[in-house]
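The lines below spell out each chain.
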Amino acid sequence: MLETDGIQHYILNIQMEEINMANIETIAIHAGERNEKRQHRSVVTPIEQTAAYYFENTQQIKDFYEGRLDGIKYGRYGCPTQHAAERKISDLEKTERALIFSSGMAAVTTTILALAEKGQHILFTGDCYRNTGRFFTDFLPKLGIESTEVPIGNLENLESYLRDESVLFFSELPTNPFLRVIDLEKIIAITKERGLICIIDSTFATPINIRPVEYGADIVLHSATKYLGGHHDLFAGVVAGNSVILDRVQQYRDVLGGIIDPHTSYLLLRSLQTLPIRMKVHNENAQAIAEWLENRKEVERVWYPGLKSHPDYGLAKKYLNGFGGVITFTLRVNETKTSRFVDSLRLPYISTNFGGPQSLIEQHAVLTFYKDRTNAERRGITGNLLRYSVGFENINDVLNDFEDAFRVLK
Ligand code: PLP
């Protein structure tokens, strides 16, 4: 048995050396998986559906604690399938380490709690996911951590918002829902000079469209519920960065417990293999649909970073390899008629996620901000604003569906 074990390991190592992992598509398929020795030589990484792990004797416990034996003590600290997905993500993001969480919000909250403490101050850009904003403004003050929202249009004055107690800068890239693109290099020059940790929530871009750590960001974060999971069927969050910071974050994850289970880890691992080809289609389809929408008389305005009319088109061209699968647009009608338009569309589900094969539409002020309309207004989210998550349906079918729904507005 031992001998066979050794031979298998040798063969797998040889294969590994021959693989050229220079390109993102190959990394997505093989990173975190190909060089692993598997008991039954399965091509696919197995799911080890267990919460508990055993030791064969007391000596093994001692060896484990003293670093002579690898392994897992208890499932809240991680599981093998999750570790494979974490290694794949860190290779995709080109970071030293990655951690996976039970949701994007678990990733956000755990990371901030690990990196900021009482008396300290955080800066974050407006136009971010509603609950991320709520965490900064409504939850952190209870722990004695203050935050300031920096309007995206005023980022060139970031330094004027800094305080002596500022420790962290947080921004989405692109942002939600206006898909704004911050000038990452300029921001990072300031955060580095002032010793701030820079966290980029890159959920809308994925490592296919940008890898913020390559520009000097300390942490890249994702709601993996979106493109990384990619099928509207799982919850997960991701944090990637250097080992020193991630070790701190992991201590908090171990205690706060926002861990992913083995089966969901497997679904995420499998989805990551197809991330490059899925993002290619999301990017291409959304670009074509955004250009079409922009030429419709019924449409007031389209926000898509791949359009010349987007306020950050120049920055988007500079930083992004593709512009993502979400299109935000307003209609030249009021809220009630906008609802009628949404209800007339047959193809997209009326739903608030994004990043899967099925297209989704949401009237943002109604679906996400129904009980928070003042906040929506403050953020410029009007009743006629729609967010469309472009899926993999044939573009002609999507456009015909729009065409039919536009007729209802007449
Ligand atoms: N970050 C962004 C940009 C999001 O859009 C979301 C959710 O929509 C989150 C974080 C939170 O992620 P989750 O819903 O997986 O908790």
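Structure: above.
Let me begin by describing the structure that accompanies this report. (Residues numbered from 1 in each chain as written. Predicted model: local features only at pLDDT ≥ 70, side-chain atom pairs only at ≥ 80, totals over all residues. Heavy atoms only, no water.)

### Examining the packing of helix α4 (residues 80-93) against helix α11 (residues 262-273)
Then step 1. It is the contact of α4 with α11, at a shortest axis distance of 8 Å, that shows an interaxial angle of 30°. When the axis of α4 is compared with that of α11, the two are roughly parallel. Here the hand of the crossing between α4 and α11 comes out left-handed. On α11, the residues that touch Thr81, Gln82, Ala84, Ala85, Lys88, Ile89 and Leu92 of α4 are Pro262, Ser265, Tyr266, Leu268, Leu269, Leu272 and Gln273. (Axes fitted to C-alpha atoms, helices over the stretch in contact; angles between N-to-C directions. Helix = DSSP H or I, 4+ residues; strand = E, 2+ residues; numbered from the N terminus. Parallel < 35°, antiparallel > 145°, perpendicular 65-115°, else oblique. Left-handed = near helix turned anticlockwise from the far one by under 90°. Contact = heavy atoms within 4.5 Å.)

### Remarks on the site of the ligand
Then step 1. Around the ligand, the surrounding shell holds 15 residues, and the nearest of these are Gly104, Met105, Asp201, Ser223 and Thr225.
Then step 2. Taking Ser223, its side chain carries an N or O atom lying 2.8 Å from an oxygen atom of the ligand.
Then step 3. Measuring from an oxygen atom of the ligand, one finds a side-chain N or O atom of Lys226 at 2.9 Å.
Then step 4. Within the complex, 93% of the 390 Å² of free accessible area of the ligand lies under protein.
Then step 5. When grouped by side-chain class, the residues that make up the shell around the ligand number 6 nonpolar, 6 polar and 3 charged. (Near = heavy atom within 4 Å. Polar contact = N/O pair within 3.5 Å; in protein donor to acceptor, adjacent residues only side chain to side chain. Areas by Shrake-Rupley, 256 points an atom, 1.4 Å probe, with all protein chains shown as cover. Nonpolar A, V, L, I, M, F, W, Y, C, P; charged D, E, K, R; others polar.)

### Digging into the pattern of salt bridges
Then step 1. What the rule picks out here adds up to 20 salt bridges.
Then step 2. The shortest N-O distance in the salt bridge between Arg253 and Glu86 comes to 3.0 Å. With Arg253 in helix α10 (residues 243-256) and Glu86 in helix α4, the pair connects residues that are 167 residues apart, well separated along the chain.
Then step 3. Of the charged contacts in the structure, one is a salt bridge between Arg130 and Asp372, with a shortest N-O distance of 3.0 Å. Taken together, the residues Arg130 in helix α6 (residues 130-139) and Asp372 in the loop between α15 (364-367) and α16 (373-378) connect sequence positions 242 residues apart.
Then step 4. Here the salt bridges share partners, and the residues they tie into one network are Arg296, Lys297, Glu298 and Glu403. (Salt bridge = Lys/Arg side-chain N within 4 Å of Asp/Glu carboxyl O.)

### Considerations on the nonpolar core
Then step 1. Judged by nonpolar contacts, the single largest core of 50 residues is most densely connected at Ile327, Phe329, Phe341 and Phe402.
Then step 2. For this core, the element with the most residues is helix α17 (residues 395-408), which contributes 5 residues.
Then step 3. Setting aside anything within four residues of it in sequence, one finds Ile327 in contact with Leu179, Ala286, Ile289, Ala290, Leu293, Val302, Trp303, Tyr304, Leu386, Arg387, Tyr388 and Val390.
Then step 4. Core analysis: the next-biggest nonpolar cluster, separate from the first, contains 30 residues, Ile24, Ala240, Leu272 and Met279 among them. (Core = buried A, V, L, I, M, F, W, Y, C linked by side-chain atoms within 4.5 Å. Buried < 20%, exposed > 50% of the residue type's maximum accessible area, 1.4 Å probe, protein only.)

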